[in-house]
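Understanding the architecture of this molecule
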Amino acid sequence: MIPRIDAAVALDPTHPEHDKTLQAIHTGASDIGFLTVHNGPISAHDVSTVIDAYHRFFLLPPEAKEQVNMATTKSNRGWGGPQSEQVDPDANPDYKQVFDCGFQLNAEDPLRAENLSYYAPNLWPKDPADFFPIIRDYYDKACAFSLDLLKVIATAIGEDASFFDDKFTRPMALLRGNYYPKRPSWATAKDFGIATHTDYGCLTLLATDGTPGLEVRKRGGGWIPVTAPKGEFVINFGEMIEFWTQGRVKATPHRVVGGKDERLSVPLFFNPNHDTNVAPVGSGEVIRAGDHMEKRFSETYVHLKSKG
Ligand SMILES: O=C(O)CCC(=O)C(=O)O
Ligand SMILES: [Fe+2]
């Protein structure tokens, strides 16, 4: 069972049910690796608005989307067409389309000169005209909510609530719109909306249009379908937080096979500053968060794959 968390209770330490909720978060984070969260600060209306904006973008003719094709960049900003990402080397590249945007360094930031791929400039399409403000507004809300959730997760796994606080001032956050058309007639057993994978970073805050499709791998084998209506979120965890917390938080494999209906989902991959040491707490090792992200991006985005 994936725990269903009331965000208002989780975020209020004075609430009588708070400790019980922390316990459920602990189970979700350290056992299953998935939670669902409702009654949080992002409304169903906000989610409908952002999903509708992505939908209007994805339905544009290919020439319009080509203008912001991430394959023309050395980063992961803009549109990724079908087959632009291969998350499982044993499966074919995914048939989904994506639109990615991320943290924007401000104009005076000295890091700009370093041209780091995970802080690359965003690419915005001309159409839909309201796309940028809608996505930007949702991005800000989703980052704030994710940071609040991480505080609670830190407490739930026995760390100080402030454990993550100073590590997300320049988050390598990536907001993605996923567009899954209905499962193509040519699709084989090796074709997926998104093939089996674990997310790469810390916390993923996923909004969906309510259409089923996401499946989470059970430890003993088999798959659990997870759905969340608009305004309710699926939370899962990536590889980085798993090794950072010595396995107290789990990165669980998941996938979307796809079915007869199209589907949209909007994950925020919320990751720390690039120079955060994410080596297992207490290990004395150093693993830079940016290095892990860059490695995984170059393994999975087809246009960034290292050749040879
Ligand atoms: O569409 C979904 O429900 C999941 C998407 C996903 O796993 C991802 O984008 O990493
Ligand atoms: Fe994922």
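Position numbers for residues count from 1 along each chain, tracking the sequence in the order it is written. Chain A is the first chain written and ligand 1 is the first ligand written, with later ones labelled in order. Two thresholds apply to this predicted model, a pLDDT of at least 70 for residue-level local features and 80 or more for giving and counting side-chain atom pairs, whereas whole-chain, interface and lining totals are computed over all residues.

With that out of the way, let us pick up the overall build of the protein. Broken down by element type, the protein carries 7 helices and 12 strands. Only C-alpha atoms enter the radius of gyration, while the globule expectation follows 2.2 Å times N to the 0.38, with N the number of residues. Its C-alpha atoms give the protein a radius of gyration of 18 Å, near enough to 19 Å, the size a compact globule of 308 residues would have. For the protein, the spread of C-alpha atoms along the principal axes amounts to about 55 × 45 × 40 Å. With C-beta atoms placed from the backbone, a residue counts as buried when 20 or more other C-beta atoms lie within 10 Å of its own, as exposed when 12 or fewer do, and as partly exposed for counts between those limits. Looking at the protein as a whole, 43% of its 308 residues qualify as buried. In this description, any two residues whose backbone-derived C-beta atoms lie within 7 Å of each other are considered to be in contact. Long-range contacts, defined as pairs at least 24 residues apart, comprise 74% of the intrachain contacts of the protein with a sequence gap of at least 6. By the criteria applied, helices consist of DSSP H or I runs no shorter than four residues and strands consist of E runs no shorter than two, each listed in order from the N terminus.

Turning our attention to the nonpolar core. Residues of type Ala, Val, Leu, Ile, Met, Phe, Trp, Tyr and Cys that are buried and joined through C-beta atoms within 7 Å form what is called a nonpolar core. One finds Ile-25, Tyr-54, Leu-203, Leu-205 and Ile-235 to be the most contacted residues of the largest nonpolar core, which totals 78 residues. At 11 residues, helix H5 (residues 131-156) tops the list of elements feeding residues into this core. If sequence neighbours within four positions are ignored, Ile-235 has contacts with Phe-34, Leu-35, Val-37, Leu-149, Leu-203, Thr-204 and Leu-205.

Next up on the list: the site of ligand 1. Surrounding ligand 1, one finds Arg-176, Asn-178, Ile-194, Asp-199, Leu-206, Thr-208, Gly-213, Leu-214, His-254, Val-256, Ser-265 and Pro-267. Elements with a contribution of two residues or more to the shell around ligand 1: strand S5 (174-180), strand S7 (203-208), strand S11 (254-256) and strand S12 (263-270). Broken down by class, the residue content of the shell around ligand 1 amounts to 5 nonpolar, 5 polar and 2 charged. To decide nearness, the C-beta atom of each residue is placed from the backbone, and the residue is near a molecule or strand if that atom lies within 6 Å of it. Each residue is assigned to one of three groups, with Ala, Val, Leu, Ile, Met, Phe, Trp, Tyr, Cys and Pro labelled nonpolar, Asp, Glu, Lys and Arg labelled charged, and all others, Gly among them, labelled polar.

Here we come to unusual backbone geometry. Omega for the peptide link from Asp-127 to Pro-128 comes to -10°, which places this bond in the cis form. On the secondary structure map, Pro-128 appears in the loop between strand S4 (97-102) and H5. In this structure, Asn-39 is a non-glycine residue whose phi angle is positive, near 65°. Summarising the element assignment, Asn-39 is placed in the loop between strand S2 (34-38) and helix H3 (44-58). Assessed through the 13 C-beta atoms surrounding it within 10 Å, Asn-39 is described here as partly exposed. Phi at Gln-83 takes a positive value of approximately 65°, unusual for a residue other than glycine. Given 14 C-beta atoms within 10 Å, Gln-83 falls into the partly exposed group.

Quick look at the sheet that holds S4 now. Taken in spatial order, the 8 strands make up an open sheet running S1-S2-S10-S7-S12-S5-S4-S3, and their pairing is mixed. Either end of the sheet is taken by a strand with one partner, and the two such strands are strand S1 (4-6) and strand S3 (78-80). Looking at each pair of strands side by side, their axes are set apart by 25° on average, direction ignored. Two strands pair if DSSP finds at least two bridges between them. As paired strands, S7 and strand S10 (residues 233-237) are joined by 4 bridges and run antiparallel to one another. Working convention: axes come from line fits to C-alpha atoms, limited for helices to the stretch in contact. Angles between N-to-C directions cover 0 to 180 degrees.

This part is about the pairing of S2. Here S1 pairs with S2 via 3 bridges, running parallel. Note that in S2 the partner of Ile-5 across the bridge is Val-37. Pairing geometry for S2 and S10, over 4 bridges, is antiparallel. Bridged to Thr-36 within S10 is Val-234.

Let us look at the sheet that holds S11. Across the sheet, 4 strands lie side by side as S6-S11-S8-S9; this open sheet has antiparallel pairing. Of all strands in the sheet, those bounded by a partner on one side alone are strand S6 (194-197) and strand S9 (223-226). Strand after strand, the sheet turns through a mean of 25° between neighbouring axes, direction not considered.

Mapped onto the fold, Ile-2 is located in the segment before S1. On a C-alpha basis, the gap between Ile-2 and Leu-22 in space is 14 Å, while along the polypeptide they are 20 residues apart. Those residues in contact with Ile-2 that sit more than four places away from it in its chain are Gly-28, Ile-32, Phe-34, Leu-35, Thr-36, Ile-224 and Val-226.

Direction vectors running N to C along H3 and H5 enclose 135°, while the axes themselves pass 10 Å from each other. The angle between the axes of H3 and H5 places the two elements in the oblique class. When the axes of H3 and H5 are compared, the crossing they make is left-handed. On H5, the residues touching Asp-46, Thr-49, Val-50, Ala-53 and Phe-57 of H3 are Phe-131, Ile-134, Ile-135, Tyr-138 and Lys-141. Residues that form the contact of H3 with H5 fall into these classes: 7 nonpolar, 1 polar and 2 charged. An angle counts as roughly parallel when it lies under 35 degrees, as roughly antiparallel when it exceeds 145, as roughly perpendicular when it falls between 65 and 115, and as oblique in every other case. Left-handed describes a crossing whose near helix is turned anticlockwise from the far helix through less than a right angle; right-handed describes the clockwise counterpart.

Take the confidence of the model for the protein next. Per residue, pLDDT captures the predictor's confidence, and it can take any value from 0 to 100. Confidence in the prediction of the protein, expressed as mean pLDDT, is 96, and 99% of residues score 70 or more. Among the prediction metrics, the complex's ipTM stands at 0.99, with pTM recorded as 0.97.

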